[in-house]
Amino acid sequence: MAEAVVADRRWRLRHLPVLLAASGLLAAVAALAGAVAGGAAAALGAAIGVAVTVASYTLTTVVLAWVDRVNPQLVLPFGLGLYAAKFTLIGVVLVGVAATGWAGLIPLCFGIAAGVVVWTGVHIWWLTTVHARRSHPTAPPSGG
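Residues numbered from 1 in each chain as written. Predicted model: local features only at pLDDT ≥ 70, side-chain atom pairs only at ≥ 80, totals over all residues. Heavy atoms only, no water.

## Topic: the overall build of the chain
In terms of regular secondary structure, the chain is built from five helices and zero strands. Secondary structure elements of the chain occur, N-terminal to C-terminal, as α-α-α-α-α. Looking at the chain as a whole, 26% of its 144 residues qualify as buried. Of the contacts formed within the chain by residues at least 6 apart in sequence, a portion of 69% connects residues at least 24 apart. Of the roughly 8900 Å² of accessible surface on the chain, a fraction of 75% belongs to carbon and sulfur atoms. (Helix = DSSP H or I, 4+ residues; strand = E, 2+ residues; numbered from the N terminus. Buried < 20%, exposed > 50% of the residue type's maximum accessible area, 1.4 Å probe, protein only. Contact = heavy atoms within 4.5 Å. Areas by Shrake-Rupley, 256 points an atom, 1.4 Å probe, with all protein chains shown as cover.)

Right under this line is the structure:
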């Protein structure tokens, strides 16, 4: 299996189109739900929240894929550094937005949370179905 992974240089990013499509759909649904529940500010906040999660996870995926290709021993330090930097930045932005009293703050937070749940859920689905079939093409299909 290791040889197949080395031969397939794109495996680290192969899941991104599916995750981005699911997140795009979520952003549309979040904006609609926000509009119904709280108007334009809530719609914008919910959609921006999803976008924050997507940007964060996409940045991590791309940077760690590159680092893994260059030197796999650097994945942990880069991952931890990105984690600390991103959550510090998100925290500062949320505090700044909260200080403005913007009505979209709570929907923004819900959008971030929904983005995390959907991204993680779709990623788990992709790993356990699509990637598992590619990694083990001779394995029997799982029944259910």
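Let us keep going from here.
## Structural notes on the pattern of salt bridges
Within this structure, the stated rule accounts for one salt bridge. For Arg12, the salt bridge goes to Asp68, with nearest N and O atoms at 2.8 Å. Residue Arg12 is located in the loop between helix 1 (2-7) and helix 2 (16-38), and its partner Asp68 is located in helix 3 (residues 40-70); the two are separated by 56 residues in the primary sequence. (Salt bridge = Lys/Arg side-chain N within 4 Å of Asp/Glu carboxyl O.)

## Description of the confidence of the model for the chain
Looking at the chain as a whole, the pLDDT averages 89, with 85% of positions reaching at least 70. Mean pLDDT across the secondary structure elements of the chain bottoms out at helix 1, with 52, and peaks at helix 2, with 97. (pLDDT = per-residue confidence, 0-100.)

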